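Inside the fold
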Amino acid sequence: MGVVVSHRCYVFTLTIFIGSLLVGCKSTTVVESKPVAFVSPLSIVKPLYPQPTNKVIAAKQLTQLTESQERDFLTWFHHPARQDIKPHLRVYDYLSSLTGNFEYRGDTYTAEEAYVALQGNCLSLALLTSALAELVDIETEFQVVNTQPVYRKIDNVIISSSHVVTILYDPTFVAKPNQIVIQRPRVIVDYFPVRSNIRGKSLSKKAFLAMYYRNLASDFLLKHQYPDAYWHARAAIDLAPESTGNINTLALIYAREGQKTQAVALYQLAVVQKLTSINLLNNYIELIRHSNPDKASMLNEYLEQLDDPNPYNWVLLGDSAMAEGRLRKAQRLYEKALSKAHYLSDVHAKLAGVQFEIGHYEEAGIALRNAKRYAWDDEEERLYQAKLFALKSLNY
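Residues numbered from 1 in each chain as written. Predicted model: local features only at pLDDT ≥ 70, side-chain atom pairs only at ≥ 80, totals over all residues. Heavy atoms only, no water.

Let us look at the overall build of the chain. Looking only at helices and strands, the chain features 15 helices and ten strands. Each of the 396 residues in the chain was classed as buried or not, and the buried ones make up 52%. Looking at the chain alone, contacts between residues at least 24 apart form 66% of all its contacts between residues at least 6 apart. As presented, the chain carries roughly 19000 Å² of accessible surface, and 51% of it is formed by carbon and sulfur atoms. (Helix = DSSP H or I, 4+ residues; strand = E, 2+ residues; numbered from the N terminus. Buried < 20%, exposed > 50% of the residue type's maximum accessible area, 1.4 Å probe, protein only. Contact = heavy atoms within 4.5 Å. Areas by Shrake-Rupley, 256 points an atom, 1.4 Å probe, with all protein chains shown as cover.)

Bringing a nonpolar patch on the surface into the picture now. A grouping of F356, Y361 and L394 is seen on the molecular surface, where their side chains present a nonpolar patch of about 260 Å² in accessible area. Take F356: its relative accessible area is 36%, and that puts it in the partly exposed class. (Patch = residues over 30% accessible without salt bridge, like charges linked within 9 Å, V, L, I, M, F, W, Y side chains within 5 Å. Salt bridge = Lys/Arg side-chain N within 4 Å of Asp/Glu carboxyl O.)

Tallied over the entire structure, the rule returns nine salt bridges. Among the ionic pairs, K340 bridges to D307, the shortest N-O distance being 2.3 Å. Placement of K340 in helix α12 (residues 327-340) and of D307 in the loop between α10 (293-305) and α11 (311-323) is noted, with a sequence separation of 33 residues between them. The exposure class of K340 is partly exposed, given its relative accessible area of 28%. Through salt bridges with shared partners, one network takes in E304, K329 and R332.

It is worth spelling out helix α2 (residues 87-98) at this point. If you check α2, its first and last C-alpha atoms are 16 Å apart, about what twelve residues at 1.5 Å a residue would give, namely 16 Å. Inspection of α2 places P87, H88, R90, V91, Y94, L95 and L98 among the buried residues, and these make up the whole buried set. All buried residues of α2 fall inside an arc of 160° around its axis, so they share one side. (Expected span 1.5 Å × (residues − 1). Arc of directions from axis to C-beta.)

Together, D377, D378, E379 and E381 give the surface a local cluster of negative charge. Assignment of secondary structure puts E381 in helix α15 (residues 378-392). Residue classification places E381 among the partly exposed positions, given a relative accessible area of 32%. (Lys, Arg positive; Asp, Glu negative; His and termini not counted. Charge placed at Lys NZ, Arg CZ, Asp CG, Glu CD.)

This is the structure in structure tokens:
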């Protein structure tokens, strides 16, 4: 397949899903067991380009608003008629009124740009939310949400998804003596919450801001504007050098510019420092599968042993294996996805398809019954019931 990136409301993720994965060698260890000191990815590679004429926008500017924008918000926020509303809910209400005409687009904007354009992706909305919250000292948290992927292909680049939301905490909340607080009062700012969304890890402020630069780096990469892609990828790593997504993006840029040795060095550094992900390992395997097939084989085995909590990453890998005709591998990957989220009806259906192709009709029937059990609505349930009837007609 090709490189995978995310678009629309999502944060860019770049991944190569290879056309032929090698079977792993079970007796080989890929990652050092002893801890190693952190080494910045930027310290082991040579710069690709001279400093750009137009400098990359500074991180502090990503959540800055104009004086006029700040004044409008603060006047609204401090209006006497709204003082009975808790501060974090006032920020939410202002966003609701402001984004009533907000157009959902794939573009990544700063807070100021999103305020003016009234459009953008989820990261743009999160930057705008952060900017408003900072003005009135509302505590925020940024959280990754694992979503059902939407794919689109440009050249050999496949669009996939990663999603981020903002949480606003109630600043007036004070726990009572001896009170055990499981979750503080809060409100979540999100584009189109969906039932299948799965809450992921929280992000530091720097890691969140780095997503802006990674998004733009990926966008420039799609346009073959490699110098701009490179400098934005560097900016992302400056903020979050331990991010596998940032390392992956920078390595891909080096690879695209013919600097394979430098790209391999970045991937190997990530593996040694255990900064690994499905996306990063897939790209590493693709890069070396012809020149170093034994290492690619070892990495492939290591990849399947990862404990990635995002079921959709395993689904995408399973889809790739299925497309290659690697049915047993696809079966393992779909089963791994379901071990992370057993209620995903479409993944049960994919597993049923694999079992059918293998000739395991009884197991296919079990998977279809599970798909029917977790169907989102009556229409989907009827679809799986029809497939069950068709399967039973084979008298398995």
